[in-house]
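# Overview (structure and organization)
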Amino acid sequence: MTHATSQQQPWGFLGTDLIDLVFSPSQQPNPQATQDADLLRWFSFVPGLQELLTLRQVHALEHATVWVLSSRAKPRPFTAMGSAPDNELLGGMSTDRGFYLYGQVDTAELHRAVQVALRRITAGEWHLAVHPRCGTNLSVGMLLTAGFALGTSALLPRGPIEQFVGLGVAAATAAHLTPDFGSFAQQYITTAIPFNLAIDRIIANQDALGRPAHFVQVRWREE
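### Here's the deal with the packing of helix H5 (residues 135-155) against helix H6 (residues 160-190)
Taken N-terminus to C-terminus, the directions of H5 and H6 make an angle of 145°; their axes are 6 Å apart at the nearest point. Where H5 crosses over H6, the handedness of that crossing is right-handed. Considered class by class, the residues forming the contact of H5 with H6 number 11 nonpolar, 14 polar and no charged.

Take a look at the structure:
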């Protein structure tokens, strides 16, 4: 989800060595086109597995589409998080049937952007699956803040000044770590390269407040 995986190779655009500290490059194989389809065949008896796998792929496609729209689909590389333009007027929400895109976008332009995004992300631009305004980052930030706050509260003296200082340190530490841990969570948990998605159709509609929106409907396909 943009307010606005499978194991994947390290992404240099994160701006830190966090990923390399956790996984060495030799431990990070490139995503395989059949990995989710194979997983579904092996564990087809698990209720809701296909919906979960589809949702992760749709989530990645949503992010990639926002990146492409933000850059007006210019085919230039995204080598650093800060080097890629981000249209903050665009937002999205993923489901296992497709994703909603909120914002003023021409339907024909969106159709082109989705196709470009799907082609680029499945061709090797794995970094397009991660977006800094994803709701995953917000959730990770809240968890880190709560965890650090509880930890400092337990370790520091119970005086109000000490507790207040500890809370400030916890909040600052969480804010510093959230972008990296949020990107890590997106990369390995909430997104997957959409090798099994095909675009069905794009429906123009409105959100609850009457603002322009589109629904990009997808279907699962086997490689």
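The rest of the description comes next.
### Considering helix H3 (residues 49-70)
Taking 1.5 Å of rise per residue, the 22 residues of H3 would be expected to cover 32 Å, and the 32 Å separating its terminal C-alpha atoms lies within 8% of that figure. Counting buried positions along H3 yields 18 of 22 residues, so the element is predominantly enclosed.

### So, the confidence of the model for the protein chain
Taken residue by residue, the protein chain gives an average pLDDT of 85. The fraction at 70 or more is 81%. Below a pLDDT of 50 lies the segment residues 4-27, which in the model reaches 66 contacts outside its immediate sequence neighbourhood of four places, other chains included.

### Some points on the packing of aromatic side chains
For the structure on display, the rule yields 5 aromatic pairs. For the pair tyrosine 100 and phenylalanine 215, a centre-to-centre distance of 4.6 Å together with 50° between the ring planes defines the contact as tilted. Separated by 115 residues along the polypeptide, tyrosine 100 in strand S2 (residues 98-102) and phenylalanine 215 in strand S4 (residues 212-220) bring together distant segments of the chain. Taking relative accessible area as the criterion, tyrosine 100 reaches 23% and is therefore assigned partly exposed. Given a relative accessible area of 4%, phenylalanine 215 falls into the buried group. Chaining the aromatic ring pairs together yields one cluster made of Tyr100, Tyr102 and Phe215.

### Some points on the nonpolar core
Of all hydrophobic cores here, the largest spans 29 residues; its most connected members are Leu61, Leu110, Val114 and Val216. Listing elements by their share of this core, those giving two or more residues are H3, S2, helix H4 (107-122), strand S3 (197-206) and S4. Looking at which element gives the most residues to this core, the answer is H3, with 8 residues. Excluding residues that lie within four positions of it along the chain, leucine 61 makes contacts with Phe99, Val114, Ala117, Leu118, Pro194, Leu197, Ile199 and Val218.

Basis of the calculations
Residues numbered from 1 in each chain as written. Predicted model: local features only at pLDDT ≥ 70, side-chain atom pairs only at ≥ 80, totals over all residues. Heavy atoms only, no water. Axes fitted to C-alpha atoms, helices over the stretch in contact; angles between N-to-C directions. Helix = DSSP H or I, 4+ residues; strand = E, 2+ residues; numbered from the N terminus. Left-handed = near helix turned anticlockwise from the far one by under 90°. Nonpolar A, V, L, I, M, F, W, Y, C, P; charged D, E, K, R; others polar. Expected span 1.5 Å × (residues − 1). Buried < 20%, exposed > 50% of the residue type's maximum accessible area, 1.4 Å probe, protein only. pLDDT = per-residue confidence, 0-100. Contact = heavy atoms within 4.5 Å. Phe/Tyr/Trp six-rings, centres within 6.5 Å; stacked < 30°, edge-to-face > 60°. Core = buried A, V, L, I, M, F, W, Y, C linked by side-chain atoms within 4.5 Å.

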